[in-house]
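Residues per chain are reported as follows:
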Amino acid sequence: MPACPDPADPTRGAACDCAALRPPDALPAGLYLHSPAHHVRQLLKRAMRDQGIPHQDSPAGVFLPHPDADILAALLGAFTPTERAELLAAPATTPGGPPDAWQASPLERWAQQLGTPWFFPAAEQLRFHLQPIADLCSGQVYGYEALVRVDWQGDLIGAGPLLQAAAAHGQARAFDALARRGAIRQAYPHLKPGEVLFINFAPGVIYNPDVCLQTTFQACREVGADFSRLLFEVTESEAFPDLNLLQRILERYRAEGAQVALDDLGAGHTSLSFLDMLRPDIVKLDRALISGVRDDDPRVLLIQALIRYAHDLGIRVVAEGVETESELRLLKELGADYAQGYFLGRPAPVPGGLSAQSAGLWNSA
């Protein structure tokens, strides 16, 4: 994969697609639907016929003129998740023209793209809610995780739908960079002295950390951020097999003086081998390990072993998803360094103090 050109360096050619969001010139005039699986092709024709969807058969596939999100959603309902993965669509190059094979992708992605026309205007209005992360020794706020939101036409859109829409529009790299910069500019100035800002990023959106992270670092300098109070957290929304690149990314953040973290230990794609190779400053235990845990829960031994292993590697541990007093007490006893969850504080537009009840718990547990 070639390195991203530096957006600030005109000698490097066209700007990288991580530099800015790029709305499409126009919506597709039609979609050609096809599948390499004979079974899926037959099911597609039957679904079109049964639902009365106007279409045309052609050597390039089933042509669907003027597709919209409702039609595609209804069509996808006739397929299992496994079948949907093999149902592809490519836009027509011109009205009634041949398909553009370079833009072929799963039909689900086209359905998400056509169903999220709000994405580009909404992405211009990103806001961040901050959720506290508590130090279980001192009982004080250690820092806040910045969680991206958009208040769009009266609805609050969270990170999940925003990231899905960004991927559907082919804007995952640009959106991730935009969200990092927004979190730094909006949230960092609200922190109290010594508090740390947790900033999420997806490793798969970065081609070359020496280039792609420059706009992020520039945003840090714009607000006069102390890099030691910034912590960049790898989200596990996708499998990321290139651990060598991930290591380079984390090293680049650290070269600026920032901390790094891995999310979702015990679930998803984070494994113990990640910890040994990458040695992050912090690892977060997946909320599935924490939710509803009790003293006699079989998960206790696993949680304890994970915390001990992380500590042996010099890695601090955050327990996510803490929602009850008993969970908080148990996790402190098991040796977790920090905790995060609704019991300690819900995400809010501005940093807020933790409840007196919660603060008292840490000091008395």
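Residues numbered from 1 in each chain as written. Predicted model: local features only at pLDDT ≥ 70, side-chain atom pairs only at ≥ 80, totals over all residues. Heavy atoms only, no water.

Undergrad: Describe in detail the packing of aromatic side chains, supporting the description with residues and values.
TA: What the rule picks out here adds up to nine aromatic pairs. Judged by centre distance (6.0 Å) and plane angle (90°), the ring pair of Phe 217 and Tyr 253 falls under edge-to-face. In this pair, Phe 217 sits in helix H9 (residues 214–222) while Tyr 253 sits in helix H10 (residues 243–255), placing the two residues 36 residues apart along the sequence. Relative accessible area serves as the criterion here: at 0%, Phe 217 is assigned to the buried category. When its relative accessible area of 0% is taken as the criterion, Tyr 253 is described as buried. Counting every residue linked through ring pairs, the aromatic cluster contains Phe 201, Phe 217, Phe 227, Phe 232 and Tyr 253. (Phe/Tyr/Trp six-rings, centres within 6.5 Å; stacked < 30°, edge-to-face > 60°. Helix = DSSP H or I, 4+ residues; strand = E, 2+ residues; numbered from the N terminus. Buried < 20%, exposed > 50% of the residue type's maximum accessible area, 1.4 Å probe, protein only.)

Undergrad: Help me get a handle on the nonpolar core, residues and values and all.
TA: One finds Leu 197, Leu 230, Tyr 253 and Ile 303 to be the most contacted residues of the largest nonpolar core, which totals 79 residues. At six residues, the largest contribution of residues to this core is made by H10. Setting aside residues up to four positions removed in sequence, Leu 230 forms contacts with Tyr 188, Val 196, Leu 197, Ile 199, Cys 220, Ala 225, Ala 258 and Gln 259. One finds Leu 33, Ala 37, Leu 44 and Leu 75 within the second-largest nonpolar core, a separate group that totals 21 residues. (Core = buried A, V, L, I, M, F, W, Y, C linked by side-chain atoms within 4.5 Å. Contact = heavy atoms within 4.5 Å.)

Undergrad: Residues and numbers for the sheet that holds strand S3 (residues 61–65), please.
TA: If you trace the five strands from one edge of the open sheet to the other, you get S2-S3-S1-S4-S5, paired in antiparallel fashion. Because the sheet does not close on itself, it has two edges, and the strands there are strand S2 (56–58) and strand S5 (105–106). As paired strands, strand S1 (residues 30–34) and strand S4 (residues 88–91) are joined by four bridges and run antiparallel to one another. Across the sheet, His 34 pairs through a bridge with Leu 88, a residue of S4. (Pairing = 2+ DSSP bridges.)

Undergrad: Describe the pairing of strand S7 (residues 141–152), and please don't skip the residues or the numbers.
TA: Of all 12 residues that make up S7, 10 are buried, and the element is covered over most of its length. In this structure, S7 lies alongside strand S9 (residues 196–201), joined through three bridges in parallel fashion. From the neighbouring strand, Gly 143 faces S9, where its bridge partner is Val 196. The pairing of S7 with strand S8 (residues 155–157) spans three bridges and is classified as antiparallel. Residue Trp 152 lies in a different strand from S8, and its bridge partner there is Asp 155. Where S7 folds back onto S8 in an antiparallel hairpin, the turn is made up of two residues, including Gln 153, whose phi is positive at roughly 50°.

Undergrad: I'd love a proper account of the pattern of salt bridges, names of residues and values included.
TA: Under the counting rule described, the total for this entry stands at 15 salt bridges. Between Glu 145 and Lys 284 there is a salt bridge, and its shortest N-O distance comes to 2.8 Å. Here the residue Glu 145 occupies a position in strand S7, and Lys 284 occupies one in strand S12 (residues 282–285), the gap between them amounting to 139 residues. For Glu 145, a relative accessible area of 7% puts it in the buried group. A salt bridge links Arg 185 to Glu 222, with the nearest nitrogen and oxygen atoms 2.9 Å apart. Taken together, the positions of Arg 185 in helix H7 (residues 172–187) and Glu 222 in helix H9 put the pair 37 residues apart, joining distant regions of the chain. (Salt bridge = Lys/Arg side-chain N within 4 Å of Asp/Glu carboxyl O.)

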